[in-house]
Amino acid sequence: MAKGYWIARVDVQNPDGYKEYVAQNGPVFHKFGARFLVRGGSFEAKEGGNHRSRNVVLEFPDYETALACYESEDYQRLVRLRAPHGISDLIIVEGYDGPQP
């Protein structure tokens, strides 16, 4: 079964307020079996526009779990906590589990 991923791009506008979201998201992600593959870090934007300053990729056991985490009341509470402190783009995508080149 293919894994599920969250791919988020974030501009933090109020770092002090955003810290509370970061401090509280770990238990929620743990509950859904998520693990960080990318959490900030250096990057170079090679194509496209409208780049955000922070990139995050989370891996979930499967696509359905990735969706369930986002839709859970636990995470929606965190969305409300995070929203005033930055601008986020988030997609939830199913991983590829087929043959490789």
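Look a little higher up for the structure.
(A) Molecular detail of the packing of aromatic side chains. Counted under the stated rule, the structure contains nine aromatic pairs. Pairing Y18 with Y21 gives two aromatic rings, centres 5.4 Å apart and planes at 45 degrees, and the pair type is tilted. On the criterion of helical spacing, the pair formed by Y18 and Y21 is a turn pair, its members being three residues apart in helix 1 (residues 15–31). As far as burial versus exposure is concerned, Y18 and Y21 are alike and both buried. Judged by centre distance (5.6 Å) and plane angle (45 degrees), the ring pair of Y70 and Y75 falls under tilted. Classification of Y70 as partly exposed rests on a relative accessible area of 26%.

(B) Seen up close, the pairing of strand 3 (residues 54–60). Burial runs high along strand 3: six of the seven residues are buried. Pairing analysis gives four bridges linking strand 2 (residues 35–39) to strand 3, with the strands arranged antiparallel. Note that in strand 3 the partner of F36 across the bridge is L58.

Rules of the game
Note that residues are indexed from 1 along each chain, following the sequence as it is written. Given that this is a predicted model, residues contribute local features only at a pLDDT of at least 70 and side-chain atom pairs are listed and counted only at 80 or more, while totals for whole chains, interfaces and linings are drawn from all residues. Only hydrogens and water are removed before side-chain values are computed, so all heavy atoms of the structure are retained for them. Note on aromatic pairs: the rings of Phe, Tyr and Trp (six-membered ring only in Trp) are paired at centre separations within 6.5 Å, and the planes decide the class, stacked below 30 degrees, edge-to-face beyond 60, tilted for the rest. Under the scheme used here, helices are H or I runs from DSSP no shorter than 4 residues and strands are E runs no shorter than 2 residues, and both carry numbers assigned from the N terminus. In this scheme, a residue with accessible area under 20% of its type's maximum is buried, one over 50% is exposed, and one in between is partly exposed, where area comes from a 1.4 Å probe on protein chains only. Between any two strands, pairing holds if DSSP finds at least two bridges.

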